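# Structural overview
Each chain, written out:
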Amino acid sequence: VDNVRARQVPASLERKILSFVHFETSVRQRIDLKDTALHSIPPELSLQLQQYLHRDLLYEIPIFKISHPFKGQLLIDLFAQLREETFCKGVAIQTVHEPGDGLYIVRHGTVRVVLAEDDDSTISTMYPGEWWGEGLVLGTGKSAHHGVEANFIAMTQVSCLVLARHDFLDVINCYPAEMLDLIEEAYETHHELLFEPPQETEEQSLAQARWVSLANRIARQAPAEANSAEKMQRIAQKLKMVKQSGTAASSASAL
């Protein structure tokens, strides 16, 4: 702080710097506390704690909704590889030109998803618990949001849990080969269900991406005990309400 002030940095910039430093420090303190807790208890309790911590994270991502005896342990091992990254307001977290190779899960803050070639065209707004990059972590995708090439911009100070492709491969290679096959199949099936047949125009693709974003958000808001039929009914009811009130783009914030 003294160094910044000694260089006569403008007050507005100083406030931004101090705000981010405080945010970054709080994130690191939380990480340290979690690591200390996990290492200070017996392994069997640590396992239960990790299962609790990631029950609303990796379990909700479509590519990990597979059926296999080792699924629970795999998700715990992947959860252990997640690293938390922080981003200043206005920073491009990921772009088409710099797509990276990771799965991102929003932990704190808000992320704006915009068309790759038009920052004024918002596809969606992402909140804590939402994610992108399934195709990237599998090595089969690009910087996209529900089939549309996109850039991901921090609207506020943002922290994301990131699973890098190399960390994913290090873990998955310790498991039977069929588990990777199941994950890739889940990705392909989810993608086909959402985006087949392909849209003919860019406008149609953009509209489709916005509606899929709304449907996913409605599904996540459904009670945890709700079954698939109840969730689909909730999605249909909500989308009908949104269509009656306006477009997907203008109604996204209401959900």
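Before any of the text, the structure's been laid out above.
A brief structural summary. (Residues numbered from 1 in each chain as written. Predicted model: local features only at pLDDT ≥ 70, side-chain atom pairs only at ≥ 80, totals over all residues. Heavy atoms only, no water.)

## Some points on the sheet that holds strand β1 (residues 83–87)
One open sheet holds the four strands; their spatial order is β1-β9-β3-β6, and the pairing between them is antiparallel. Taken across any chain shown, the strands that pair with only one partner, and hence form the sheet edges, are β1 and β6 (131–132). Alignment of strand β3 (residues 102–108) against β6, held across two bridges, turns out to be antiparallel. Its bridge partner being in β6, I105 is matched across the sheet by W131. Most of the contacts of helix α2 (residues 11–39) go to β1, to which it runs at about 170°, and overall it touches β1, β3 and β9 (158–164). In the packing of helix α6 (residues 165–172) onto the sheet, the strands contacted are β1, β3 and β9, and the crossing angle to β9 comes to about 45°. (Pairing = 2+ DSSP bridges. Helix = DSSP H or I, 4+ residues; strand = E, 2+ residues; numbered from the N terminus. Contact = heavy atoms within 4.5 Å. Axes fitted to C-alpha atoms, helices over the stretch in contact; angles between N-to-C directions.)

## With respect to the environment of D170
With respect to the helices, strands and loops of the structure, D170 is situated in helix α6. Taking C-alpha positions, D170 is 9.6 Å from Q81, a pair spaced 89 residues apart along the chain.

## Let's talk about the nonpolar core
One finds L58, F64, L78, F168 and I183 to be the most contacted residues of the largest nonpolar core, which totals 26 residues. Going through the elements one at a time, α4 (71–81), β3, α5 (134–138), β9, α6 and α7 (177–195) are the ones with two or more residues in this core. Each residue touching F168, except ones within four places of it in the same chain, is listed here: F64, L78, V137, L138, L163, L180 and I183. In terms of nonpolar packing, the next biggest core, distinct from the first, is built from 17 residues, I93, V113, I123 and M126 among them. (Core = buried A, V, L, I, M, F, W, Y, C linked by side-chain atoms within 4.5 Å. Buried < 20%, exposed > 50% of the residue type's maximum accessible area, 1.4 Å probe, protein only.)

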